[in-house]
Each structure stands twice: as C-alpha cells, then as structure tokens.
Amino acid sequence: MLDPTTSALRQAFKEHYFRHSDRIEIPSRIQEREFGYWPFGGTMIRHLSFKTSGELIVAIARKAPKGVYYSCGYYHEPAQPMAEKGWKSGDLVFDIDADDLESSCKDEHDRWTCRKCQHVGKGNRPGKCPKCGNTRIIQLNWACYNCLGAAKEEIFKLLDILEKDFGVERKRLQTYFSGNMGYHLSVNDPEIMETLDQESRVEMADYIAGIGILPSTLGIDSHLSYQELGMKLPSESDSGWRGRVARYIVNHEFKEFDEAKNLDAKSKLLLIHRTKRHDSLKKFLEKISRAAGVAIDPSVTTDIHRIFRMPGTLHGESGLEKMKIENLEEFDPFVDPVVLKDEEIKVFVKHSPPFTLRGVKYGPYSKQEVVLPETAAVYLMGKGLAQIA
Amino acid sequence: MNIQLAEADLAKYPFLSQAGEQAKVYDLDITELGPDQYSLVAERAKERVVDTIRKRKVEANLDNPGVELLSFPLAMAIVKATKLEHLAFYFALAEALRVESLLVKEDNANLIADVFQNVAKVKLIKTYDDEKTSFAINFAEYLKRATQFHEPEWNLINRPVSNGLVYLAKHHLVRLIRAETQRMIYQRLKSLTITKIPPQLEAFAQEIALKNPPPPKVEDIISISPERYPPCVKHALDMLKNGQDPPHFARFLMTTYLLNIGKSVDDVITLFPRAADFNERITRYQVEHLAGLKGGKVKYSVPSCKTVVSHSFCFRDNIYCPRITNPIWYGRTSPVVKKVKKNA
Ligand code: SF4
Ligand SMILES: [Zn+2]
Ligand SMILES: [Zn+2]
C-alpha cells in the first residue's frame, strides 16, 4: 500500500499519461534499446524491452511510474543481463545539471536535513551534521530561474563547441529540458555514434569540459624568445581551444591580468608568462579552460550503458515533463514543461522556497497547510517537501 | 586507396602489396626462386624472427629490395608455424617499429599519407599548412586511435580541432601508422592459414617454439594485499569504511581496480553499503556489468592516473606513484628511492 502522498502523485501521473499519451516521444530503434522504470514506492526496474511503441505506451500509462528511462545504447539483446546484452553503439548524450554550477542562489534555496536530529542547514550538505555528528544527511537541491538560466548558458556553449569544433550540423543537435534541474542534449549523427567507443567519449567529454590543456597548446614555452612567443600565442579568432581561451580572457576579469587590462589576449598571456612560474602558470591556464569549457556531467556522456529519462515523460521530483525544446532562447522551464492539471489539492508544506509555475508565484511556505493546484502540489510533494493534508 | 609503389618502397612497407600476391609467397620454394635467391630470402626471414625475439625490433635492410619484400611474408609464415601467440604480438610490434624508423626519415609527405590511408583505411587530408598541422583526419577516427597514447599532447584538447577535423604533424601520423601497422600485422597473423612451410623452416619454427614458451598469464600471478593498493583506491575504501559517501568516480575507480586484480563481484559488493538509490550508488548490477564485460567488446579497465587526477581523486605518494600511469601498476614497479630533482 502506498501512503496517501505517494498514491496522489501516482494518480496525477496516471491521469496525465492516459489523457496525453501522445506527448510521449517514442525513441528510434525501439527494439534495440533497454527500458527501465522507477515505480512510485518501489525500486528501479531495468532490462525491459519493447517490440512496438504501442506496447511501450500502454506500459507507461498502466504503471504510471515516477521515472521512465531508456538506454542510450543499442544492443543485440536489450532484455538480457548487462554482460549478455551485446553493445552495438549508442547515442551521444550530454547532461547539464544546474546543481553542478555552484550558482550564487544555491545557498538561498538549497537545504539539507540531518536524518538523525532533523537539523536543517542552507546550501550544500556538510560531511557530517554539525549538531549531532551523524553522516546520513538528506540533500534538497532546488532549481530557480537563475540557476536554470545558467544551465541554459552552458547549453549554448556546448552547441557552439559541437558545431564549430566537431563540425556537427545544427539540425542533428536536439536539446531537452531534463524535467527538473537542467538540460539534456543528444547528438543524432549516426556516423559519430557508431565510431565513438567509451574511451573516445571520455576524451571528447574532457575536451568539452576544458580539462587537461597544456601551456604549449597555447604557444607558451619558456624556451621561446619574446618575438617567437608573440607569433605562437593564440588570438581571439583562432579556432578550437586556442581561440576559446583567448576570447575568454579578453571577456572576463582576472586579477592576474590587471596590469594588462583592456589589452588583447596575446598581451595578457605574455604578462602571465613573465610573472608566473611554470606550475602555477599551468594551474592558472587550467582554471581558465575549465571556466571556458562546458559544465557537463562527464559520467552521463561516458557511461555507455546509462539509461536516460525518456522525452515526453514526467519527472518524479517535479511533475514537469522532460521536453524537446524547439526554441532554446525562448524556452521557459517553469512554463513550457508544466503539463499537469490546475485542480486544487490541500497539502501540508514542511518547507518551500518561493517558486513560480505557469507565471503564478507560490511560497515561501513553512510548516503550513495550503491549497495548491495539482501542478504546484506535485512539484512540492515530488521533492518530499509537502504531504497530502 | 590503391597506390602504386616502387619496389624499393614496397620493400620498406611490404604489407602494402596485394594480399593475393603475398599468399603465393607463403609456400615459396627453391624451384621458383633458384637456390641462391631462395636462401637469401629464407635467411632474411629467419633474421626477422630472431630480431623480434632478441631486440623486439626488426632492423631495416634495404640492400636487396627483392629479398626484403619476399622475406616478410615468409617470416609471417614462420611465426605462424611456431603457434606462439606472444611471438605474433612481438613480431607485429617489431615490424611496426621498423616501419616507424623508416617513416621518420621519409620526406615524401604523399607517401606517408598513402601509407597511413592504406593501413588505417581512413580518409586523410593534406593541408599544406605549417608543419604542425600538415595533416587532418576526422575527429572520431582520431579518437578511436589516439586514446591508447598517454602523453598529454595526444589529448584532443591539445590538438587543433576545427569543423570535425583534428590536425596532426608528421610525427603524430608516423606514430599512428606504427600502431595501425602493428594491429594490422597481428590481425593478419591471426587469420593466416598455412598448410605447410618448407621443412627447413618448419624445423627452425619448432626450435623457436621450444626455446620461447609462452609467459604465464597475468591473471595467474596477480594477488595483491590491501596494504599494496594504490593511495587513490585506499582512500575510496577508507571513505566507505568511515561511512562517507565516495563520489561516483571513486566508486568506479575502486570497483574496476578490485575487479582487475582478480576480486570477485561478491567480494566487491560486500564493500558497499546496502542502500541503493539508483543514480548514485553502485548496485550489484553496476558491479556485475563492470566485471561481466571484462575482456568483452566493451572493456572497463581501470581509469588512468591522468583521469583520476582530473577527477581530483589522486592522492599520490612518492614511492610508486611517480613511475606509473595507471593505478593498476601500483607496487609492481621498483620503488623510487632517491628524491628526483625537478627542473623548475
Ligand atoms: S598517482 Fe595514480 S595510483 Fe597514485 S594515487 Fe594518483 S591516481 Fe592513484
Ligand atoms: Zn544531526
Ligand atoms: Zn537558483
């Protein structure tokens, strides 16, 4: 038996899938993929396979799970245990999570709760509870316009690298709202998908994230004369990482470049070449390239057996839809993917930062009963912040 | 990608000739060549095998291009006749090193490009740019090959990349050719079927086989006690012991390490706490799949030290860590005793 809150969540999802099964985006090559779902009040179920889109839709509508997933990988035997599946190739996917971006608003809306003494703190969880020393701590991550905006910026950076550096056509790049905390992007280029093995994906992820750049790549070499350096240092119009670093240091403030303010990238690099020793120079350049790179979650891109949330299904922690985005510029994560009903539900809210759904402002709430439309009630109940009153 | 090569070039790169033509040479005998020529070819073929064993490298000998060319397939036949897997591996490497040493001296960029396209079967673009970017290939094809090299200059981020192409200097291309050549010769040896080789060479092959028995398998000699685990793996284990939650990567590192030193899936699973919320925790399923695919098409090897460093999970010591590039080698090299002086 599910508790009243979980069963209300399931009911809301179930009604949605019955009314809007057409919103579910059926993946290509369905018979070669593994499927999985996470039922409300249960544990993850994997290694399923479906022959037809009809079968799949019926299963989703019936189970109304809190999460529906499919494999990025294509297998000979998708329903077999992992060792016997036989990996053929896989979609190349990227995940950008607002939670990884360390936005300044994090401290305002993120909370943690000690499992033992129920002590609540702001921001990221500490290693152990400062009050009772317990290490079992529940983290609540929250996404607001600000942090999802930052995540969107990262997607723009990612699109830029994929197009300019990797030469992928824009029409083969599809962006999705993840349904809760960020964005997903998949590359639909059969040639790239087929060729990239796991190690190649690791390397590609490092490139995109700006990991591992050498000073020599930027033309910095202690054996060179001043003139030679001038020739080898990157300028803003260079392609690839040389140009990316050059543009970044021109467009961002660093105290290290104070003496060369308003000068071009070459002059700035010459300055630090003069003032920094090898190791600290290397570290500093790495810091710049990490900042100029994209904050992708590398484990998503490099785990070729990952199962990924299915587009057109609901996210159990928000009730929002993982949604294909046609116009990224205009996409509003608190309007477009809000697909549940407005029917009112009375809930008891333990705690909630203020939030907006479909343009309506809610909260902040603290230990109070509120009557909310289904959309907002599910948003809070999914996060464990509210219960059916 | 058919190319016409002069005999002198074919002698240098004998694997470029048509496979069909080569096949004829495997059962080459005195009647076809004449005794003098035949014995020169046979001697050179033997020398190639002996060089492989003694020096792990075949020295080029271009005095007689015909002999150099014909002795290559004959040497392959000898290696095959020994039935030694490891000799096949070293022969492929030794021949690839010979090719590399010739290409390093080669000035003809067109020839280098042709050799690459022939062994790698990948489209190559000559840019006529400056020497650092003379060649370009598709990035995915590059990655497929370059991930085996561990020097940071091979990392994609340290190569010029634009519009789907990765730019390479001559020395990169030569290094790629070496790897491709090795792979190709090894593959050809594996698929080679030879019914008979001349009796004199058969005797030689048997002698080689007797003197060079296969080495013991790595799996048989590995057994490492926990004190000998690398610092990064130890740290992950300590975190678990202290009830902390190691990051996903640390779990991956530790799991692949333990599986690779021969621990069973059950051994590894007992290390993890029971709770299993699917995204963060390595469950039995995850451990099994890391283990189950070992040796299969998709291999989960232990991430390199470089990768560990980039995930900020390296806790290197000054004893074994300085000599290794992958945690799996920890404690298997001789320790560093003196402090190495670094030039700043
Ligand atoms: S150097 Fe390698 S083995 Fe040593 S701690 Fe770092 S990652 Fe581990
Ligand atoms: Zn506490
Ligand atoms: Zn925020």
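Definitions and limits used
Residues numbered from 1 in each chain as written. Chains lettered and ligands numbered in written order. Predicted model: local features only at pLDDT ≥ 70, side-chain atom pairs only at ≥ 80, totals over all residues. Heavy atoms only, no water. Contact = heavy atoms within 4.5 Å. Buried area = accessible area lost by both parts, 1.4 Å probe. Salt bridge = Lys/Arg side-chain N within 4 Å of Asp/Glu carboxyl O. Polar contact = N/O pair within 3.5 Å; in protein donor to acceptor, adjacent residues only side chain to side chain. Helix = DSSP H or I, 4+ residues; strand = E, 2+ residues; numbered from the N terminus. Nonpolar A, V, L, I, M, F, W, Y, C, P; charged D, E, K, R; others polar. Donors = N, O, S within 2.8 Å, 3.2 Å for Na, K, Ca; no water. Tetrahedral: all angles 85-135°; square planar, octahedral: opposite > 155°, others 65-115°. Pairing = 2+ DSSP bridges. Axes fitted to C-alpha atoms, helices over the stretch in contact; angles between N-to-C directions. Buried < 20%, exposed > 50% of the residue type's maximum accessible area, 1.4 Å probe, protein only. Near = heavy atom within 4 Å. pLDDT = per-residue confidence, 0-100. Parallel < 35°, antiparallel > 145°, perpendicular 65-115°, else oblique.

In this section: the interface of chain B and chain A. With 35 residues of chain B at the interface, the matching set in chain A holds 44 residues. Summed over both sides, the interface between chain B and chain A buries roughly 3400 Å², with carbon and sulfur atoms accounting for 60% of that surface. Put simply, chain B and chain A have 0 salt bridges between them. Where chain B packs against chain A, one counts 7 residue pairs in polar contact (both at pLDDT 80 or more). For the side of chain B that touches chain A, the secondary-structure elements that each account for two or more residues are helix H8 (139–146), strand S3 (161–162) and helix H15 (284–292) of chain B. When grouped by side-chain class, the residues that make up the side of chain B that touches chain A number 15 nonpolar, 13 polar and 7 charged.

This part covers the coordination of the zinc ion (ligand 3). Residue and element names in this part refer to chain A. Taken together, the protein ligands of the zinc ion (ligand 3) are Cys105 (SG), His109 (NE2), Cys144 (SG) and Cys147 (SG), with distances of 2.1 to 2.2 Å. Taken together, the 4 donor atoms surrounding the zinc ion (ligand 3) define angles of 106 to 116° at the centre, an arrangement classified as tetrahedral. On the primary sequence, the residues serving as donors to the zinc ion (ligand 3) are separated as C-x3-H-x34-C-x2-C. With Cys105 in the loop between strand S6 (92–97) and helix H4 (106–109) and Cys144 in the loop between strand S9 (137–140) and helix H5 (145–164), the pair connects residues that are 39 residues apart, well separated along the chain.

With that out of the way, let us pick up the sheet that holds S6 of chain A. All names here are of chain A. With antiparallel pairing, 4 strands are arranged side by side in an open sheet as S6-S11-S10-S13. Looking at the sheet topology across the chains shown, the edges are occupied by S6 and strand S13 (323–324). Sheet topology note: the strand S10 (residues 173–177)/S13 ladder contains 2 bridges and is antiparallel. From the neighbouring strand, Tyr176 faces S13, where its bridge partner is Lys324. Packed on one face of the sheet, H5 meets S6, S10 and strand S11 (182–187) and runs near 15° to S11.

Residue and element names in this part refer to chain B. Within the secondary structure, Leu176 is located in helix H9 (residues 170–191). In this structure Leu176 comes out as buried when scored by relative accessible area, which is 1%. Distance from Leu176 to Lys80, taken between C-alpha atoms, is 25 Å for residues 96 residues apart in sequence.

Now for the coordination of the zinc ion (ligand 2). Residues and elements named next belong to chain A. Bound to the zinc ion (ligand 2) on the protein side are Cys114 (SG), Cys117 (SG), Cys129 (SG) and Cys132 (SG), at distances that span 2.2 to 2.3 Å. When the donors of the zinc ion (ligand 2) are listed by position in the chain, the intervening gaps give C-x2-C-x11-C-x2-C. Within this pair, whereas Cys114 is found in strand S7 (residues 111–114), its partner Cys129 is found in the loop between strand S8 (120–122) and S9, the two being separated by 15 residues in sequence. Take Cys114 and Cys129: they sit in the same class, and that class is buried.

Another aspect to go through is the site of ligand 1. All names here are of chain B. Near ligand 1 you find Pro230, Pro231, Cys232, Cys305, Val308, Cys314, Phe315, Arg316, Cys321, Ile324 and Pro327, and these make up its full shell. The set of elements that each furnish at least two residues to the shell around ligand 1 consists of helix H12 (231–241) and helix H16 (305–310). Along the lines of polarity and charge, the residues of the shell around ligand 1 split into 10 nonpolar, no polar and 1 charged.

The next subject is the confidence of the model for chain B. Residue and element names in this part refer to chain B. Mean pLDDT over chain B stands at 79; residues scoring 70 or higher make up 78%. Confidence scores differ between elements of chain B, with helix H11 (residues 218–221) showing the lowest mean pLDDT of 44 and S3 the highest of 96. For the stretch residues 293–299, pLDDT sits under 50, and the model shows 15 contacts to residues farther than four places along the chain or on other chains. On the interface metric, ipTM, the complex scores 0.90, and its pTM is 0.79.

Residues and elements named next belong to chain A. At their nearest, the axes of helix H9 (residues 240–251) and helix H11 (residues 278–292) sit 10 Å apart, and the two run at 95° to each other. It follows that H9 is roughly perpendicular to H11 by the angle criterion. Contacts between H9 and H11 involve Trp241, Arg244, Val245, Tyr248 and Ile249 from the first element and Ile288, Ser289, Ala291 and Ala292 from the second. The class makeup of the residues in the contact of H9 with H11 is 7 nonpolar, 1 polar and 1 charged.

All names here are of chain A. In terms of strand pairing, strand S1 (residues 35–38) meets strand S2 (residues 45–48) through 2 bridges, oriented antiparallel. Following the sheet pairing, Tyr37 is matched in S2 by Ile45. In this structure, the hairpin formed by S1 and S2 is closed by a connection of 6 residues, where Gly41 is found at a positive phi of approximately 70°.

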